[in-house]
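Structural characterization, general
Here are the chains, one letter per residue:
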Amino acid sequence: MKKIILLSFALLLFLPTPVTSQVAPSYYLPTGFSYDSRIPTPESVIGHGVGEWHVSHDKLVSYMHAVANASDRVTLAEYGRTYENRPLLLLTVTSPGNHRRIDEIKTNHLQLTSQDADAVDIESQPVVVWLGHSVHGNEASGSNSSLLTLYHYAAAQGAEIEQLLQDTVILIDPAINPDGLNRFASWTNSHKSQNLVADPNNLEQNEAWPRGRTNHYWFDLNRDYIPIQLPETEGRVAKIHEWKPNLYTDHHEMGTNSTFFFQPGEPNRVHPLIPEFNYDLTQTISEYFQEGLDEIQSLYFAKENYDDYYPGRGPTYVDFNGGVAGLFEQASARGHAQESDNGVLTFPFAIRNQHRSALASVKAAYELRLELLNYQQAFYTDTEQLAQADPVKAYVFGSERDKVRAFHLAEVVKRHDIDIFHLGETVEMNGEQYSPGSAYIVPLDQEQYRLVHALFEIRNEFEDSLFYDVSAWTLPLAFNLEYQALDRREYASSLLGDAFELAAFPSGQLVGGRSDYAYAFEVHGYYAHRAINRLLDAGARLRVGSEEFTDANGKTFARGSIVIPLGIQEIDLGIIHELVESIAQNDAIDVYGFDTGRSSAGPDLGSPSFSTLEKPEILILAEGGMSGYEVGQAWHLLDTRFDMKPALVSVETFNRINIDRYNTVVLLDGNYGGVSANAITKLQDWVSKGGLIIATKQGSKWLSDREITNVAFAEIPEIEADNLAYSDFEDVTGSQVIGGSIFKAELDLSHPLGWGFYNAEVPLFKRGVLIMERSANPFATPLNYSSDSLFSGYVPDAKLPLINDSAAAVVSAVGQGIVISFTDDPNFRAFWYGTNKLFMNSLFFGRAINSATAR
């Protein structure tokens, strides 16, 4: 009988768990422990057994508070709120004695991360472990297992657990993504049958778009640790730097037919700035994961598939901050049970694997305490030597014409616990001038040396050609900011001005005071389109200039500048005056008063070279096969940064409604197979009557395929190679992928898409190999990839010549309407501030494009 059970485990993964979600706590918890009856069990608070239902976030929070109130081993802190106002919690679990001196422990621990870390008595210092759960909300076994993990460490009795808690500080983040977790729990619980249905085609296991993986705006939170654009990450990263954990775990799920993965991953796919000993330590720690899973006869694998390269993912981020990280990937039931290649996979089985891996992680940290603390100490004491040997001594960046973009990059840098300063003296290099008041400087001789390099460097050489995620993320390029690396000759400590503080948002000014004739402002500033929207939303009439013009004081206004003539307004002029003051203060835009319509140079304010701006009424096609990521990015951009109100319209709704109430349709990446033939005809008629379509990636390709535009796309040749073995397939095909790299493009600054830009070279982010051909009409391709286009990142040798000189944006005239087709996403992951302006220009200035110049 014993042989039969063991064989079933190997083949089916789930025995002795029956195909039910009702299991006793003893199934999960380790043997050999008694538990304090004064500590509430999960079931006593949430009202059901762990794994019987997917725990909702409110129940999860209730249990965390209940244990914190009952146990002197546990304290609870809220480190932020999600967009849906759910609390983000971090629980600290350690001995009562450690809690009484927790500030002292934290102070001493943080000293380990300084260049004078040698002064710390490591022998007496606890090790810090961070257990992070379910950054992807529909990978819910992690968060559900956190109930058991907290219960175990709060309630388990005996000398063994007491000594562990004396030498260990355990930080439990029970739900990294509360909004996604709750969305998924609602779905799977509301589709659960009394008799569990494990059919993969069942509704329960196939959640609706956009699914629970992402946060409220459909961002992948496990890609935001470098950008830090989302409230969940901002709070969490602050806590990571408050504690600097020695061991960090990240509990995920993967495909149903898989087993269980733990690190170390691929040895050749580790970022070169991460010390080699990190991998060795991770491998040693993995023996504890192996032991824990062997004990319960679970299948697993390591050293395959997953890399440790992009620091925007949680585990790699901690590796860049002196810790060691463990990524866990558990096969997912995507409900309460699901058939798999290994038999029926149950939710309780997945929860148990996650729980036991968490226990193994804490045990590893406890038993390897000195090794982890010594590694952390060496990680930071080595930075002084690394910085001295590095020819680069500092990075300087800024913008005279758009202080906001520079400020927002400075914010990101500061949130990484990096020392950053206002520039103290003017720097002139390579034709660029960096001035105090609009520029910042980041020295490399600091504890965060490695992370500074990771944020600013350009890297084009790689040990491996396969990447789990992006291969480039150079932040100044993402923000389209001028920046320079300063060497020993160019750097001086006098360049360091005041330390940068997060609260000091820049402001503009109302130049010349209140006007009785007109106001004008340029659109270089990041929030210029928010200013435009404020005015249009209030009912103001605005004109945009297609030529430069100069006021009576000699100030020249660039193309795309906005004029607010006061004599033609139908709204109260007091509203206009209040709005321009608000624009200067809140949008950091300099607004100029005019007392005449006559320009001292260039067209007068009444010239036909000015056109009237129309308020965008925007429909974004969503659901169906649309990319939730890209729809969410556009929604987030317009809603949270520009105070706009786009309508997210499902494909099903789009197929049946009249779209005449909208003047702008946005078609982003996705599969457009669900758009009906009648809807295609409707869209073509609508744009022909004067509509504006903005499309990206497969949205652009779909418009071409449906002959709404005649934009041409390049054929991508097949891989040409001889003598390849079957086993080479994954490596060869994977090496042909562009997972995410940065390219140079040339922008026509006189074109409406280029208004507000002041450098013709624009960094673009590209994923995939969709390549758009340049128009035969030279006026219809305002944005082209350069002839030597690679800026930073990996690109297959055969693909780069196809990208070089290709089109990044093509404008098409369709009847009286305009279609703007982008080959890539200008809003990538909310941190491509530099190309957000391309998207915003399309929305606000697309109708100003002369259709005679379009294809």
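Residues numbered from 1 in each chain as written. Predicted model: local features only at pLDDT ≥ 70, side-chain atom pairs only at ≥ 80, totals over all residues. Heavy atoms only, no water.

Thoughts on the sheet that holds strand β10 (residues 392–398)
What the five strands build is an open sheet, ordered β15-β10-β14-β11-β16; its pairing is antiparallel. With partners counted over all chains shown, the strands left at the sheet margins are β15 (482–487) and β16 (496–499), one partner each. Adjacent strand axes in the sheet meet at a mean angle of 35 degrees, parallel and antiparallel pairs treated alike. Bridge count between strand β11 (residues 421–423) and β16: two bridges; the pairing is antiparallel. Across the sheet, the residue bridging to F421 is A499, located in β16. Set on the sheet, helix α16 (residues 449–456) makes contact with β10, β14 (439–443) and β15; between it and β10 the angle comes to about 50 degrees. (Pairing = 2+ DSSP bridges. Helix = DSSP H or I, 4+ residues; strand = E, 2+ residues; numbered from the N terminus. Axes fitted to C-alpha atoms, helices over the stretch in contact; angles between N-to-C directions. Contact = heavy atoms within 4.5 Å.)

Comments concerning the confidence of the model for the protein
For the protein, the average pLDDT comes to 94, and 97% of its residues sit at 70 or higher. In this model, residues 1–17 is a region of pLDDT below 50 whose contacts with residues beyond four sequence positions or in other chains number 27 contacts. (pLDDT = per-residue confidence, 0-100.)

Describing the pattern of salt bridges
One pass over the structure, following the stated rule, counts 38 salt bridges. Here E291 makes a salt bridge to K363, at a shortest N to O gap of 3.4 Å. Of this pair, E291 sits in helix α11 (residues 276–295) while K363 sits in helix α13 (residues 347–367), placing them 72 residues apart in sequence. On the accessibility criterion, E291 (42% relative accessible area) is partly exposed. Close ionic contact of R847 with E614 constitutes a salt bridge, the shortest N to O distance being 3.7 Å. You can see R847 sitting in the segment after α26 (833–845) and its partner E614 sitting in the loop between β24 (610–612) and β25 (618–622), a full 233 residues away along the chain. Residue class for R847 comes out partly exposed when judged on its relative accessible area of 24%. A network of salt bridges, in which partner residues are shared, links E139, R213, D220, R223, D469, R767 and R829. (Salt bridge = Lys/Arg side-chain N within 4 Å of Asp/Glu carboxyl O. Buried < 20%, exposed > 50% of the residue type's maximum accessible area, 1.4 Å probe, protein only.)

Considerations on α26
Here α26 spans 18 Å end to end across 13 residues, near enough to the 18 Å set by a 1.5 Å rise per residue. Summarising burial for α26: 13 of the 13 residues are buried, a large majority. (Expected span 1.5 Å × (residues − 1).)

Brief notes about the pairing of strand β30 (residues 692–696)
Taking burial as the measure, the five residues of β30 include five buried ones, the bulk of the element. Side chains L692, I694 and T696 of β30 all project onto a buried face; the interleaved residues I693 and A695 project onto the opposite face, where all are buried too. Of the pairings in the sheet, the one linking strand β28 (residues 664–667) to β30 comprises four bridges and is parallel in character. Across the sheet, residue T664 finds its bridge partner in β30, namely L692. Of the pairings in the sheet, the one linking β30 to strand β35 (residues 817–822) comprises five bridges and is parallel in character. Bridge pairing in β35 places L692 opposite I818.

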